[in-house]
Amino acid sequence: MKTTTPADWKGILVVGELSNCRLQPVSLELIGKARELKQTCPAVGDVAAVLIGSGIAAAAAELAITGVDEVVLVDRAECALFHNDLYAAILKQIIEMRKPAVVLFPATARYQDLASMLGIRVDTGVAAHCVDIRINEKAEILAVVPAFGGKVLGDILCPAHRPQMATVKPGIFRQGEPVPGHKPKLTVFDAGSVIADTLKKTRLVALDTSSCAVPEGIPLEKAAVVVCGGWGMGSKENWALLGELANLLGGAVGCTRPAIDEGWMTDESTMIGTSGKVIRPKVYIGAALSGSSHHVCGMKDSDLIISINSDPRAAIFAVSDIRIVGDAKQILTGLIERIRAIRSA
Amino acid sequence: MGLSIAVCLKPVPDPAHYDKIKIDPVKKTVVREGIPTILNPCDKHALEAALQLRGPEGTVTVISMAPPNAEETLREALAMGADAAVLLTDRAFAGADTWATSYTLAAGLKKAGHFDVIFTGTESADGATTQVPAQLAEWLGWPHLWNAVAIEQTGETQLKVKTKAESEWSDYQVSLPCLLAMSRESNKPRLTSLMGVMKAKKKPLTVWCRPDLDVDDAALGMQGSPTQPGAIFEPEMGRKGTLLGGDADEIAVQLIGKLRSAGIAIETGDVCAPGGGGI
Ligand SMILES: Cc1cc2nc3c(=O)[nH]c(=O)nc-3n(C[C@H](O)[C@H](O)[C@H](O)COP(=O)(O)OP(=O)(O)OC[C@H]3O[C@@H](n4cnc5c(N)ncnc54)[C@H](O)[C@@H]3O)c2cc1C
Ligand SMILES: Nc1ncnc2c1ncn2[C@@H]1O[C@H](COP(=O)(O)O)[C@@H](O)[C@H]1O
């Protein structure tokens with residue numbers, strides 16, 4: 001098998017994600033981490049971010065504040081719709097020309113797909129869904145990845161292949177301190193011939209894209225208070241209590257997987273955990289959920305964790321600051337009534 | 001004309017029991033004793049999609065790279081309605097990352113015959129890398145789509161496929177042969193009937209080992225994997241929890257106090273201190 005000479009590979013490349021020409025926050029989170037890695041190991045080289053899309057100059061300008069050293073732009077009409085074969089072909093060229101030591105991708109539906117493809121196209125390893133990334137003085141990356149629904153974490157290394165690639169879910173890393181007035185170098189990548197070649201050969205045609213219905217209210221990842229319900233809520237009527245409380249507290253409702261299966265929540269984007277969102281609100285209130293590792297992975301870094309469960313041995317209590325053993329319906333109703341009383345006083 | 005379809009299935013330890021998984025403090029290995037092996041939940045959706053698309057003259061072959069006891073899981077898939085099964089098993093395949101797994105699966109599929117469509121799940125419950133589908137398609141040089149929610153056959157060699165990303169649906173047209181990783185939302189997998197179980201006993205299940213495949217030894221198993229595992233550990237979870245006592249109303253009063261100290265203005269529902277979402 002092919003091995004590479006690690007010393008020939010330099011710099012960190014962050015693949016930024018756009019959706020509808022809008023920069024996704026995960027791009028900024030990855031740049032934040034990349035800058036941290038560079039600070040720990042300056043020898044790794046500069047941090048560059050690449051953006052692919054159409055009509056994305058404004059989004060690219062938004063990256064300046066992150067302190068990224070260079071922005072590589074592929075702004076082409078052919079890239080308006082996400083097309084995995086096309087985007088992967090462009091990224092392959094960019095990676096082969098620039099030879100970055102590290103490439104970071106969002107672990108989102110579309111961009112984890114690109115990372116996977118590039119693992120084969122450029123012949124290297126990809127650490128999936130990292131929850132932490134560290135670097136040593138030789139610019140070798142150690143990625144921490146979850147297994148068994150987050151019950152186990154493992155270190156992943158990529159000793160002999162370059163670049164070292166990793167994917168990271170939105171919400172795992174924090175955006176770095178803003179760098180006002182910073183002007184990154186702007187490189188426009190000429191993707192004309194790779195686009196023409198790929199579109200001639202590809203057997204995939206991107207037809208159209210449409211936005212999913214956005215659930216009302218504040219998105220989960222932006223809410224200061226998240227009221228999350230689990231299977232033990234038992235019925236649609238009881239489920240409505242979560243919405244009432246979230247409304248009173250200016251928060252959002254989240255859920256575990258069974259609530260989706262039961263149809264109490266219809267939008268998968270409200271699910272918290274390994275297959276859902278990773279959130280870090282000021283206050284998380286978990287009602288009638290057991291605290292499976294799949295779910296805990298997505299909320300354990302919340303500032304204040306309050307949980308209500310009728311079973312004193314529920315696993316969720318091990319990650320909670322405030323534990324209430326009792327019936328969720330009664331506790332939530334009591335709390336809602338009290339808040340209402342205060343409001344009307 | 002029916003389609004020739006393959007489905008990639010992975011036997012996994014039952015995710016309902018992951019809370020019991022421990023790390024052996026001495027050997028530093030994952031202890032998963034007593035946890036039953038099941039068919040990866042997502043892969044049932046892949047199999048269901050295949051059975052629906054097959055048509056009266058088509059065939060569905062299921063394939064797995066797994067330890068020898070995976071035969072049981074493959075029989076289950078045959079009982080659901082698949083026509084034939086292939087198990088790739090050899091010590092040389094052990095410890096493979098997604099690169100080496102997809103390489104080995106690709107070799108097995110090439111040997112198993114000509115396929116029009118390969119279905120996979122979106123993620124395995126244990127490893128959950130989500131990478132095998134795209135990487136397998138790359139080894140085969142086929143187009144693929146990940147997280148497909150709907151499929152429509154629009155021509156003899158053409159499918160229209162809807163995929164879902166976090167907040168967007170996309171429509172694609174793809175020509176066969178292609179690989180599709182099916183979303184949990186795409187269908188409701190059928191249940192196994194007793195009749196199915198009986199029939200499954202007579203269906204062919206082929207086992208191939210390392211010498212049966214046209215593969216490069218240096219690309220197999222852990223030694224062929226570009227990523228290498230290091231230490232494993234359990235995530236830090238512990239918090240010193242305070243237990244609130246009393247009846248529902250007394251608890252409500254205490255909770256309101258806690259919410260106030262966390263910066264939530266109970267009178268208005270506003271947040272006093274900045275925060276939320278890490279943005
Ligand atoms: C591949 C895979 C990925 C997954 N990803 C996710 C994910 O991202 N997010 C996720 O959440 N799940 C995920 N799951 C599912 C996960 O494994 C658990 O099954 C799920 O989180 C359990 O949800 P729950 O806690 O609501 O239900 P349960 O585990 O059934 O817990 C219900 C709890 O409610 C309590 N209870 C019952 N009645 C009451 C009452 N009246 N008052 C108070 N408490 C009560 C019970 O004591 C119990 O603890 C995934 C599973 C798989 C296989
Ligand atoms: N060892 C394997 N044998 C057969 N199929 C597999 C194997 N590993 C992964 N897959 C397929 O790839 C999908 C994604 O798995 P993963 O990349 O491990 O998250 C699964 O849903 C399976 O369909």
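Residues numbered from 1 in each chain as written. Chains lettered and ligands numbered in written order. Predicted model: local features only at pLDDT ≥ 70, side-chain atom pairs only at ≥ 80, totals over all residues. Heavy atoms only, no water.

Once that is clear, we can look at unusual backbone geometry. Each neighbour pair has its own omega, and for Arg162 of chain A with Pro163 of chain A the value is 0°, a cis peptide bond. That bond from Leu176 of chain B to Pro177 of chain B is cis: its omega, -5°, falls within 30 degrees of zero. As for its position among the elements, Pro177 of chain B is in the loop between strand 11 (168–175) and strand 12 (178–182). With a phi angle near 50°, Ala128 of chain B is a residue other than glycine that sits in the positive phi range. Here Ala128 of chain B is to be found in the loop between strand 8 (117–120) and helix 4 (132–140). (Helix = DSSP H or I, 4+ residues; strand = E, 2+ residues; numbered from the N terminus.)

With that settled, the discussion passes to the nonpolar core. Ranked by size, the top nonpolar core spans 110 residues in total, and within it Ile90 of chain A together with Val7 and Phe119 of chain B carry the most contacts. Beyond its immediate chain neighbours, meaning those up to four positions away, Ile90 of chain A contacts Ile52, Val74, Cys79, Phe189, Ala191, Val194 and Ile195 of chain A. Grouped together as the second largest cluster of nonpolar side chains are 41 residues, Ile260, Leu304, Ala328 and Ile336 of chain A included. (Core = buried A, V, L, I, M, F, W, Y, C linked by side-chain atoms within 4.5 Å. Buried < 20%, exposed > 50% of the residue type's maximum accessible area, 1.4 Å probe, protein only. Contact = heavy atoms within 4.5 Å.)

All names here are of chain B. Around ligand 2 lies a shell of 21 residues, among which Cys8, Asp43, Ser124, Thr129 and Thr130 are the nearest. Separating an oxygen atom of ligand 2 from a side-chain N or O atom of Asp43 is a distance of 2.4 Å. The backbone of Met65 places a nitrogen or oxygen atom 2.9 Å from a nitrogen atom of ligand 2. Burial of ligand 2 by the surrounding chains reaches 97%, relative to a free accessible area of 470 Å². Those elements that place two or more of their residues in the shell around ligand 2 are strand 6 (59–65), helix 3 (98–112) and helix 4. Take the shell around ligand 2: its biggest share by element is three residues, from strand 6. Across the shell around ligand 2, the residue classes break down as eight nonpolar, ten polar and three charged. (Near = heavy atom within 4 Å. Polar contact = N/O pair within 3.5 Å; in protein donor to acceptor, adjacent residues only side chain to side chain. Areas by Shrake-Rupley, 256 points an atom, 1.4 Å probe, with all protein chains shown as cover. Nonpolar A, V, L, I, M, F, W, Y, C, P; charged D, E, K, R; others polar.)

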